[in-house]
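A look at the structure
As a plain string of letters, each chain reads:
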Amino acid sequence: MKRYDYLVVGSGLFGAVFAHEALSAGKRCLVIDKRSHRGGNIYCEEKAGIRIHAYGAHIFHTDDKAVWDYVNRFAEFNRYTNSPMACYEGKLYNLPFNMNTFYQLWGVRTPAEAQAKIAEERGAYEHIARPANLEEQALKLCGRDIYTRLIKGYTEKQWGRPATELPAFIIRRLPFRFVFDNNYFNDAYQGIPKGGYNRLIDALLEGTEVRLDTDYFRHRNELEALADKILFTGCIDEFFDYRFGHLDYRSLRFEHRHLDVENFQGNAVVNYTASDVPYTRIIEHKHFEYGTQPTTVITYEYPENYLPGKGPYYPVNDTHNNGIYRQYAEWAERQERILFGGRLARYTYADMDDTVAAALALCRKQWS
Ligand code: FAD
Ligand code: UDP
C-alpha cells in the first residue's frame, strides 16, 4: 500500500479545496508546492500591518450560493465591493461602464441621454454581426470613444498584442449598465476574507501534510511512488513535456512600494488605460480591508511576456492556443492515475468561484 491516496501538486485554491474534501472522505493526501508558501496566486504577505495581495488584486465574487456558503465555512468575509477607477490622460472615470462613467465622458445625465449617445457611438459598427476579435466586440458594444479612452490601451498592454488579434470573449467580462452603480461585478455575493486569503487556505489545509519548496518535476519519481493517484494543478504543457508545443501565458511584474502616507489613491484599484503608461493598474491594498494604518503599501502591475521562471498568470485563450490545449486535454483523459485541475492544468481564465466549483465537482466524481 502506498503512503498516500493522493499526491496534490499545487497548494493553490484548487489543490487546497481538493485536499480538504479528500481528508473529509477519509483519504490521505500529501500536498506539495514549488513556492515557499501556500495558496498559489491568492497568497497574501504582510507589510506594515497591511495584507498585500502578493500576486495581484483578488476579490471573491460569485452568484453561486453553494460556493459562497462553502468558502464562508472556512473564513468570514467582509462586505468589500469592487469599484475600480480608470485614469486616462489625467482624468478619472468610474468603472464598470455605468451612468457615472457616461456623465464623466459626455456630461449626459439621464439613462435616455446616455442610451442615445451610445446608440450614436455604436452606429458606425452596426454592420458587425459576429465580432471576430476584441476590437470589433468593443466597438460594437460601446463605440469608438469608450474604446479609445478606457479599453484599447489597457487591453493591448495587458495582453501584449493588438486588440484585433485578441478573442472577443475577454471584453464580454465587463458589465455595461444604465444606472449609477460602480459595483464592478453583477454577482450576488462579494467580499474579501477577514484576515486575508491565507486564513481560507490555512483552514482548508488544516490536518493535511504540506511540503513547500518542492518542485514535482525535480522529484517526480520519488513523489509518484508515494501515492496511488496524483492531482496536478500546474501547467499542463510542462506536465507532458511540451509534446504538443508550448502554450502561451501572459505574465505580470509586481512592484510593491511602502509609502509614508496614510491614503495614496483613495481606492483599492485604479486602472491606467493609456498605452503610454507602462503599468495597467495600481493597487492600494489597505482599502480591501478598510485599513486604518498610518502608512500604505501600493503595487504597480506591469504586464510582461511569459518566459520560464516567471509567473504564468493568464492563459491566452485564442484559437491557436486553445487548439494546442485540446490536444493536451485529450491526452490527459487517457491518464488513469492522474487528475488535472485548476487554472493552469485546465488552461482556463477561471475566477476563484469557478475554481472552487470545479474542485468540488472533481471531488464528487472521485468519491460519490
Ligand atoms: P494557482 O493559484 O496558480 O495554484 C497553482 C499552484 O501550483 C501554485 O502555488 C504553483 O506554485 C503550484 N505548482 C505549479 N507547478 C508546480 C510544480 N511543478 N511543482 C509543485 N507545485 C507547482 N479570481 C477572482 O475570483 N477574483 C479576482 O479578483 C481575481 N484576480 C486575479 C488576478 C490575477 C493577477 C490572477 C493571475 C488571477 C486572478 N484571479 C481572480 C483568479 C484566481 O487567482 C484563480 O481562480 C485561483 O487562484 C486559481 O487557483 P489554482 O489553484 O487553480 O491555481
Ligand atoms: N479592461 C479594459 N479596461 C479596464 C479594465 C479591463 O479594457 O479598465 C479589459 C481588458 O481587456 C481586460 C478585460 O477587460 O483584460 C477583463 O478585465 P478584468 O478586470 O475582468 O480582468 P482581470 O481582473 O481578470 O485581470
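To keep things clear, this report deals only with the structure shown in the data block.

What counts and how
- Residues numbered from 1 in each chain as written.
- Chains lettered and ligands numbered in written order.
- Predicted model: local features only at pLDDT ≥ 70, side-chain atom pairs only at ≥ 80, totals over all residues.
- Heavy atoms only, no water.
- Helix = DSSP H or I, 4+ residues; strand = E, 2+ residues; numbered from the N terminus.
- Expected span 1.5 Å × (residues − 1).
- Buried < 20%, exposed > 50% of the residue type's maximum accessible area, 1.4 Å probe, protein only.
- Arc of directions from axis to C-beta.
- Contact = heavy atoms within 4.5 Å.
- 1 Å grid on protein atoms, 1.4 Å probe; cavity = no way out; pocket = protein on both sides within 12 Å on 5 of 7 lines; lining within 4 Å.
- Points joined across faces, edges and corners; volume = space filled by probe spheres on them.
- Nonpolar A, V, L, I, M, F, W, Y, C, P; charged D, E, K, R; others polar.
- Pairing = 2+ DSSP bridges.
- Near = heavy atom within 4 Å.
- Polar contact = N/O pair within 3.5 Å; in protein donor to acceptor, adjacent residues only side chain to side chain.
- Areas by Shrake-Rupley, 256 points an atom, 1.4 Å probe, with all protein chains shown as cover.
- Axes fitted to C-alpha atoms, helices over the stretch in contact; angles between N-to-C directions.
- Disulfide = S-S within 2.5 Å.

Its 13 residues place the ends of helix H4 (residues 111–123) 18 Å apart at the C-alpha level, agreeing with the 18 Å of an ideal helix rising 1.5 Å per residue. Every buried residue of H4 is accounted for by Ala114, Lys117, Ile118 and Glu121. Mapping the buried residues of H4 onto a view down its axis gives an arc of 100°, with all of them on the same face. Of the residues in H4, the exposed ones pointing more than 90 degrees away from the buried face are Ala112 and Glu120. The elements touched by buried residues of H4 are helix H3 (99–106) and helix H5 (134–159).

What follows covers the environment of Val8. Position of Val8 relative to the elements: it lies in strand S1 (residues 4–9). Counting along the chain gives 222 residues from Val8 to Ile230, while the straight-line C-alpha distance between them is 5.9 Å. In this structure, Val8 is in contact with Gly15, Phe18, Cys29, Leu30, Val31, Ile32 and Leu231, ignoring residues within four places of it in sequence.

Moving on: the layout of surface pockets. In this structure, the second largest pocket encloses a volume near 270 Å³. Residue lining of the second largest pocket: Lys229, Ala332, Glu333, Gln335, Glu336, Ile338, Leu339, Phe340, Arg346, Leu362, Lys365 and Gln366, and that is the complete set. Counting residues per element, the ones that place at least two in the lining of the second largest pocket are helix H9 (319–333), strand S16 (338–340) and helix H10 (352–367). Residues of the lining of the second largest pocket, tallied by class, amount to 5 nonpolar, 2 polar and 5 charged.

A separate point is the pairing of strand S10 (residues 227–232). Where S1 and S10 come together, 5 bridges link them in parallel fashion. By the bridge assignment for S10, Tyr4 is matched with Ala227.

This part covers the site of ligand 2. Taken together, 17 residues are adjacent to ligand 2, and Leu150, Thr155, Tyr184, Tyr314 and Tyr349 come closest. In this structure, an oxygen atom belonging to ligand 2 sits 3.4 Å away from a main-chain N or O atom of Ile151. Contacts to ligand 2 include Thr155, whose side-chain N or O atom sits 2.8 Å from an oxygen atom. Look at ligand 2: alone it shows 530 Å² of surface, and the protein chains cover 92% of it.

Here 5 strands make up an open sheet; going across it, the order is S9-S2-S1-S10-S16 and the pairing parallel. Each having just a single partner strand, strand S9 (209–211) and S16 make up the two edges of the open sheet. Between one strand and the next, the sheet's axes are offset by a mean angle of 20°, whatever the strand orientation. As paired strands, strand S2 (residues 29–32) and S9 are joined by 3 bridges and run parallel to one another.

Attention now goes to the state of the cysteines. Here, the word disulfide means a covalent bond between the sulfur atoms of two cysteines. Evaluation of the coordinates by the stated rule reveals 0 disulfides. Not engaged in a disulfide, the cysteine Cys87 finds its nearest cysteine sulfur in Cys142; these two sulfurs lie 19 Å apart. Residue classification places Cys87 among the buried positions, given a relative accessible area of 13%. As a non-bridged cysteine, Cys363 has Cys29 as the owner of its nearest cysteine sulfur, 8.9 Å distant.

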